[in-house]
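The chain contents come next:
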Amino acid sequence: MVAAAAVRRRRPRRRGGPTPYVLLAPAIVLLVLFLLVPIGYTVWLSLRASRVTGGGLGIRKEMFVGLENYTSVLTDSAYVDGLLRMLLYGLIVVPSMLGLALLFALLLDTPRVRFGAFSRIGIFLPYAVPGVIASLLWGFLYLPNVSPIRDAFEAVGLPAPDFLAAGSVLFSVANVGVWGGVGFNMIVLFTALRGVPGEMYDAARIDGANEVQIALRVKVPLIMPAIIMTGIFAMISTLQVYTEPATLQPLTDTVSQTWVPLMTIYRDAFVNADIHSAAAASVVLALGTLVVSVAVLTLLQRRAFGRDR
Amino acid sequence: MTQQIQRRGFLKGIATLGAAAAMPTFLAACSDDDEQPSQAAGDPNAPANLTFWTWTTNIQKVVDIWNAKNPTQKVTVSNQAQGEELITKTLTAHRAGNAPDLIHAEYQALPVLITNGVAADLTSMAEKIKGDFTDGTWALTSFGGKTYGIPQDVGPMMLYYREDLFQQLGLTVPKTWDEFASVARQVRQKDSKRYLATFSSGDPGWFAGLAEQAGANWWVNDGGTWTVRINDEATKKVATFWGQLVNEGILSGKPMYTPEWNKAMTDGTLLAWPSAIWGAGVLEGVAPATKGKWRMVPMPQWDATPATGYWGGSATAISSKSSQRAQAEKFVTWLNTDQEALDALISEGGIYPAATKGQSSTQLSKAPAMMPNQPSFFADAAQIAQSARGFNWAPNVNVTYSQYNDIFAKAIQEKSDFAAAVDAIQAASVADLKKQGFEVKEA
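Here's what I pulled together on the structure shown here. Here the structure is a predicted model, which means the values were calculated and not measured. (Residues numbered from 1 in each chain as written. Chains lettered and ligands numbered in written order. Predicted model: local features only at pLDDT ≥ 70, side-chain atom pairs only at ≥ 80, totals over all residues.)

**A closer look at the overall build of chain B**
Thinking step 1. Looking only at helices and strands, one finds 18 helices and 13 strands in chain B.
Thinking step 2. For chain B, with 443 residues in total, the buried portion stands at 49%.
Thinking step 3. A separation of at least 24 residues holds for 77% of the contacts in chain B among residues at least 6 apart in sequence. (Helix = DSSP H or I, 4+ residues; strand = E, 2+ residues; numbered from the N terminus. Buried ≥ 20, exposed ≤ 12 C-beta atoms within 10 Å, placed from the backbone. Contact = placed C-beta atoms within 7 Å.)

Now the structure itself:
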């Protein structure tokens, strides 16, 4: 627009008219319909409950109950135990998964790596296995009487480890999660490493650094934003862990139906036919996830997004 | 200028169309669907397309007979899930507005369906076929004077044991529970890899049947008030008996229906299975290699009076929202009272029908496929069934059953007192019943 010597100052008119809004419309419609409306409906459901009027096999009526569902969720020892167990699960899974992914990515990035392509595909393959199948697969490996691992141990004459005992079941379930997730995270970190300019390594070698020092002092700091991003995604998916324990639950006595919060939510919604408690529990879990993600991102903001922010 | 007006008009048009399309869905989502349409009227011979959610083995073959005879009234079978899972799916589907016309509901699941408004009131239809079932069987599907399902099969409990392994290890068949305990100890002494049986934390219906045999009465409805007594004397007796044996390692504590259990039943790690009349059908699926090696006898007894409980057994219910009610009623009547249908249910489905016509069927003169060594199987079973007793079910059976899973799994893991576990289930069940708004009287 011509910047004429006008007395009134007007904001420059945006070029293109309403076209941007038309182009945005499909995404906004989808966002509203499939994200905002269900979230709103869940919050609405969590403030209501289905109560029986009349004795015997009386018919149910839905009514407003305020925060009653929330108090019962937060005082439910099964749900709280599940929350704590999930946090412990996260403490085991996230560092091991990222540690292994970083190790593999660094190893595959060394100059004289052999069988690089084969290793990359091999490490990535478990990620391609759907969660339920992977859990069933590991279930067979864990159940003593059908497990080839136990047969192998007994052939050598050693006592077989009990994977599904009360003390080891957490690590066994975590193992399934790590096995499935390492591949994807490794590819992400490997791609980030590929983006580092080679001159950095030349400069480091001139200064006399060996491969290990280059890996720890040059490569890791340079891909720190990628590491933090994968860490946050890993954390968020850990907070929603469901497939692995739910698939293993019918196979053993050591995994209860409320082992992690999402299993409790499933049980309330579908087995106990109490969708209102499930809605309240879901809102609590979602808020918790939001709080943790925001906290971690704020703390690591500078390192995640680079120093130039 | 004209171009801009045209573009703005076009966009406005799109916007109004979008809003108009979204409104009906919004209104539908907000509508209240607690009403039960009364659709007893309707032409039973009008063309129809009925959906039937069921998990009876080979039920497709039985339905094929109907479809051949009634080409305009096709019934489509969908094997969505089994047992408690199917009830979960049915409740969810009903809430979404697309429940199937015909529902396969186990007897303990009917109260759950009724209080959620899923099962239609079938009293008028049941009047017409009253004589086809015993009063005791009608009691399983009737509540508060109304009938909500047509009984399909009953599942009296009996003991299956590996005849070949009993002979090999020199064991005698236990007739009382004390003998059962002593045989269990003998098994462990003679072969430390085998167990006589397992206590499953995954099968609450099985435990309910054992409690029924001992004389338990978990729920009593007295004019609208529920009395809950899951931890009565009889149940605690059963729990303590099994608990002591499991905690000592005499009996296994692993759940049934897992790959490990399948293997244990096949290779003889487990020698006996307290199960129901449909157990032969399950064995066929789970351990087909052991054909001819199992024998069925009455369950071990607590005292001189023979008694047994029920495990499962189901009825067919009709969805309260079905728009093809009359035709559905016609099909359900045929399925559960027609001689040809009952014969097919026995021979293909391996179930023991609830209808009196079915219990005298010629199909019952052959033994089930899995047990050719016991040609008198059904005659023996009919004898046992005469001593079977059950109890009433409350509307929160699903909650009680899911508590059973967790509480007993924990008790087995920690080797704690099973009677205390029963107390915990009682407490949780009463709390949930009260929370839902029912009148509960403390026993």
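Structure's up, so let's keep going.
**Some details on the pairing of strand S12 (residues 314–318) of chain B**
All names here are of chain B.
Thinking step 1. Taken across its five residues, S12 has five buried, putting it largely inside the fold.
Thinking step 2. The side-chain alternation of S12 yields two buried faces, one formed by Ser 314, Thr 316 and Ile 318 and the other by Ala 315 and Ala 317.
Thinking step 3. Relative to S12, strand S3 (residues 102–106) runs antiparallel, the two being bridged by five bridges. Bridge assignment links His 104 to a residue of S12, and that residue is Thr 316.
Thinking step 4. Summarising the sheet, strand S6 (residues 150–151) and S12 pair through two bridges and their orientation is antiparallel. Note that in S12 the partner of Pro 151 across the bridge is Ala 315. (Pairing = 2+ DSSP bridges.)

**Some thoughts on the sheet that holds S12 of chain B**
All names here are of chain B.
Thinking step 1. The strand order S2-S1-S3-S12-S6 describes an open sheet built from five strands, whose pairing is mixed. Because the sheet does not close on itself, it has two edges, and the strands there are strand S2 (73–78) and S6.
Thinking step 2. Taken strand by strand, helix H2 (residues 59–69) contacts strand S1 (48–53) and S2, and its axis lies near 170° from that of S2.
Thinking step 3. Strand contacts of helix H13 (residues 325–337): S1, S2, S3, S6 and S12, with the helix running at about 165° to S12, the strand carrying the most contacts. (Axes fitted to C-alpha atoms, helices over the stretch in contact; angles between N-to-C directions.)

**What to know about the sheet that holds strand S7 (residues 157–162) of chain B**
All names here are of chain B.
Thinking step 1. Spatially, S10-S7-S11 is the arrangement adopted by the three strands of the open sheet, whose pairing is antiparallel. Two strands in the sheet have a free side with no partner beyond their single neighbour: strand S10 (272–276) and strand S11 (294–297). Between one strand axis and the next, the sheet turns by 30° as a mean value, whatever way the strands run.
Thinking step 2. Here five bridges tie S7 to S10, and the two strands are oriented antiparallel to one another. Within S10, the residue paired with Leu 159 across the bridge is Pro 274.

**Here we look at the nonpolar core**
Thinking step 1. One finds Leu 110, Leu 113, Leu 196, Trp 242, Leu 251 and Ala 317 of chain B to be the most contacted residues of the largest nonpolar core, which totals 133 residues.
Thinking step 2. No other element matches helix H17 (residues 397–414) of chain B, which puts eight residues into this core.
Thinking step 3. Looking at which domains feed residues into this core, each of domain 1 (48–151 + 314–350) and domain 2 (157–310 + 390–442) of chain B gives three or more.
Thinking step 4. Membership of the second largest hydrophobic core comes to 54 residues, among which are Leu 98, Leu 106, Phe 163 and Ile 227 of chain A. (Core = buried A, V, L, I, M, F, W, Y, C linked by C-beta atoms within 7 Å. Domains from an automatic or database assignment.)

**Quick notes on the environment of Trp 242 of chain B**
All names here are of chain B.
Thinking step 1. Relative to the assigned elements, Trp 242 resides in helix H10 (residues 233–247).
Thinking step 2. Remark: the alpha-carbon pair of Trp 242 and Ala 419, spanning 177 residues in sequence, is separated by 9.8 Å.
Thinking step 3. Here Trp 242 is in contact with Phe 199, Leu 251 and Phe 418, once residues within four sequence places are set aside.

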